[in-house]
Amino acid sequence: MLLSFYSFSQNTLTVKVTGVTSADGNISIGLYTDADGFLKTDKIYKGIFVKSVKGTTKAVFENLPKDTYAIGVFQDQNANAKLDTNFLGIPKEPLGFSIGKLKTFGPPSFVECSFEVASDMEISFPLSD
């Protein structure tokens, strides 16, 4: 009986995005559970838009089952609900990733960004331009 309760226990993940240089727009946070869908907007497990707060912006995901997750985040400075890029596809708005760092020629992989949620926890990572 206790085993079944434990397997269905829900957890809270608090995300702190640091290095937010202005209060312009929103912080868009995508939570992913799958390597194949990582950073694809139609494959987000859960997503949150919160008002940007200069310095550190905080968001909370509730009712998460125990699993492996990865996060992609960007500051939607003009509040158009999308990551703006230049003609080469290079992001023009600040972005960040749980654990992993932006590479010279693209984003990190799901594996590089993944972390385990087995209880309530907090994760903090910076935005980069």
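Residues numbered from 1 in each chain as written. Predicted model: local features only at pLDDT ≥ 70, side-chain atom pairs only at ≥ 80, totals over all residues. Heavy atoms only, no water.

## A look at the layout of surface pockets
Piece 1. Taken as a whole, the largest pocket holds about 610 Å³ of empty space.
Piece 2. Forming the walls of the largest pocket are 28 residues, and the residues nearest its centre are Leu39, Phe74, Leu83, Pro91 and Leu95.
Piece 3. For the lining of the largest pocket, the leading source of residues is strand β2 (residues 26–32), giving 4 residues.
Piece 4. When the residues that make up the lining of the largest pocket are grouped by side-chain class, the tally is 17 nonpolar, 8 polar and 3 charged. (1 Å grid on protein atoms, 1.4 Å probe; cavity = no way out; pocket = protein on both sides within 12 Å on 5 of 7 lines; lining within 4 Å. Points joined across faces, edges and corners; volume = space filled by probe spheres on them. Helix = DSSP H or I, 4+ residues; strand = E, 2+ residues; numbered from the N terminus. Nonpolar A, V, L, I, M, F, W, Y, C, P; charged D, E, K, R; others polar.)

## Quick look at the environment of valine 20
Piece 1. In this fold, valine 20 is placed in strand β1 (residues 11–20).
Piece 2. Under the relative-accessibility criterion, valine 20 is labelled buried at 3%.
Piece 3. Valine 20 sits 90 residues away from phenylalanine 110 along the chain, and the two C-alpha atoms are 23 Å apart.
Piece 4. Excluding residues within four positions of it along the chain, valine 20 makes contact with Ile27, Ser52, Val53, Lys54, Gly55, Thr57, Gln75 and Leu127. (Buried < 20%, exposed > 50% of the residue type's maximum accessible area, 1.4 Å probe, protein only. Contact = heavy atoms within 4.5 Å.)

## Comments concerning the confidence of the model for the protein chain
Piece 1. The share of residues in the protein chain with pLDDT of 70 or more is 93%, and the mean pLDDT across the chain is 91.
Piece 2. Taken element by element, the protein chain is modelled with least confidence in helix α1 (residues 2–7), mean pLDDT 48, and with most confidence in β2, mean pLDDT 98.
Piece 3. Low pLDDT, under 50, characterises residues 1–6; the stretch is placed with 2 contacts to residues that sit more than four places away or in other chains. (pLDDT = per-residue confidence, 0-100.)

## A closer look at a nonpolar patch on the surface
Piece 1. Together, Phe87, Leu88 and Ile90 make up a nonpolar patch on the protein surface, roughly 400 Å² of accessible area in all.
Piece 2. Of note, phenylalanine 87 is situated in the loop between β5 (67–76) and β6 (95–97).
Piece 3. Exposure remark for phenylalanine 87: the relative accessible area of 78% places this residue in the exposed category. (Patch = residues over 30% accessible without salt bridge, like charges linked within 9 Å, V, L, I, M, F, W, Y side chains within 5 Å. Areas by Shrake-Rupley, 256 points an atom, 1.4 Å probe, with all protein chains shown as cover. Salt bridge = Lys/Arg side-chain N within 4 Å of Asp/Glu carboxyl O.)

## Points about unusual backbone geometry
Piece 1. For leucine 39, which is not glycine, the phi dihedral falls at a positive 70 degrees.
Piece 2. Here leucine 39 is to be found in the loop between β2 and β3 (46–51).
Piece 3. One non-glycine residue, asparagine 63, lies in the positive phi region at around 60 degrees.
Piece 4. The residue asparagine 63 is located in strand β4 (residues 55–64) in this model.

## Structural notes on the pattern of salt bridges
Piece 1. According to the stated counting rule, one finds 1 salt bridge in the structure shown.
Piece 2. Among the ionic pairs, lysine 16 bridges to glutamate 122, the shortest N-O distance being 3.6 Å. Here lysine 16, found in strand β1, pairs with glutamate 122, found in strand β8 (residues 121–126); they are 106 residues apart in sequence, far enough to count as distant.
Piece 3. Under the relative-accessibility criterion, glutamate 122 is labelled partly exposed at 49%.

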